[in-house]
Amino acid sequence: MAEDAVMYEVVYASVVSLAMVLTTVTLHYWTLAGLSRLLKRWPNFRGEILVVVIAMFAAHMVEISLYAWVYLLLDVGDTAMGIGGAVNGSFLDHLYFSAACYTSLGLGDLFPVGTLRLIAGVQALNGLILITWSASFAFLVMQRRWRF
């Protein structure tokens, strides 16, 4: 019976991870597509890279916040699925943990417990992909628009 519970938690964490990846990748896609359309309307705007960086930063913060809400909802405070360390259960703790995972910083003062480790690992890979996607987009904007 215990093996069935573990298998259920792994499947549940996998489904949550997949849903979060699909959600954040879609959000990021629409952010970058919107920026691309906006930049086409502003052919000679020199501050465009500032707009791009601020919009991408905002998108990353929304994505980090979405994961934080998932962690807050799934943090049941036991060994099955939760966050360990000096955590008091506030949204700020979960936001901090989410930012550390998303950026692959992994400070270690807060850590995933149980099957929440799967979601945290997927978030690190997801964050790496989205951050490099943003960097590539910013590079292309600067390459196309900035002539020295």
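These numbers were taken from a predicted model, which means no experiment stands behind them.

Trainee: How should the side chain of Asn126 be read in this particular structure?
Mentor: Within the fold, Asn126 resides in helix H4 (residues 116-145). Owing to a relative accessible area of 4%, Asn126 belongs among the buried residues under this scheme.

Trainee: It is not clear to me how the pairing of strand S1 (residues 81-85) should be interpreted in this structure. Could you clarify?
Mentor: Consecutive side chains of a regular strand alternate in pointing toward one face of the sheet and then the other. Of all 5 residues making up S1, 4 are buried, and the element is well covered by its neighbours. Where S1 and strand S2 (residues 110-114) come together, 5 bridges link them in antiparallel fashion. For Ile83, the partnering residue across the bridge sits in S2 and is Pro112.

Trainee: In this structure, what is going on with the nonpolar core? I would like to understand it.
Mentor: Grouped burial of nonpolar side chains is what soluble globular proteins tend to show. Membership of the largest hydrophobic core comes to 15 residues, with the highest contact counts inside it found for Val16, Tyr71, Leu74, Ile83, Phe97, Leu116 and Ile119. Taken together, the elements giving at least two residues each to this core come down to helix H1 (2-41), helix H2 (48-74), S1, helix H3 (91-102) and H4. Among the elements that take part in this core, H2 stands out by supplying 4 residues, more than any other.

Trainee: It is not clear to me how the packing of aromatic side chains should be interpreted in this structure. Could you clarify?
Mentor: How two aromatic rings sit relative to each other is given by the distance of their centres and the angle of their planes. Considering all chains together, one arrives at 5 aromatic pairs under this definition. Among the aromatic side chains, those forming a connected cluster through ring pairs are Tyr67, Tyr71 and Phe97.

Trainee: For this particular structure, what's the right way to read unusual backbone geometry?
Mentor: For residues that are not glycine, phi is negative in most cases, and the peptide bond is trans in most cases. Here Ser104, not a glycine, exhibits a phi torsion of approximately 60 degrees, which is positive. Looking at where Ser104 falls in the secondary structure, it is placed in the loop between H3 and S2.

Trainee: Looking at this structure, how should I read the packing of H2 against H4?
Mentor: Two packed helices can be described by the angle between their axes and the distance between those axes. Interaxial distance between H2 and H4 falls to 10 Å at its minimum, and their mutual angle equals 170 degrees. Taken as axis vectors, H2 and H4 run roughly antiparallel relative to one another. A per-class count over the contact of H2 with H4 returns 15 nonpolar, 4 polar and 3 charged.

Criteria and thresholds
- Residues numbered from 1 in each chain as written.
- Predicted model: local features only at pLDDT ≥ 70, side-chain atom pairs only at ≥ 80, totals over all residues.
- Heavy atoms only, no water.
- Helix = DSSP H or I, 4+ residues; strand = E, 2+ residues; numbered from the N terminus.
- Buried < 20%, exposed > 50% of the residue type's maximum accessible area, 1.4 Å probe, protein only.
- Pairing = 2+ DSSP bridges.
- Core = buried A, V, L, I, M, F, W, Y, C linked by side-chain atoms within 4.5 Å.
- Phe/Tyr/Trp six-rings, centres within 6.5 Å; stacked < 30°, edge-to-face > 60°.
- Axes fitted to C-alpha atoms, helices over the stretch in contact; angles between N-to-C directions.
- Parallel < 35°, antiparallel > 145°, perpendicular 65-115°, else oblique.
- Nonpolar A, V, L, I, M, F, W, Y, C, P; charged D, E, K, R; others polar.

Distances and angles like these do not, on their own, reveal function.
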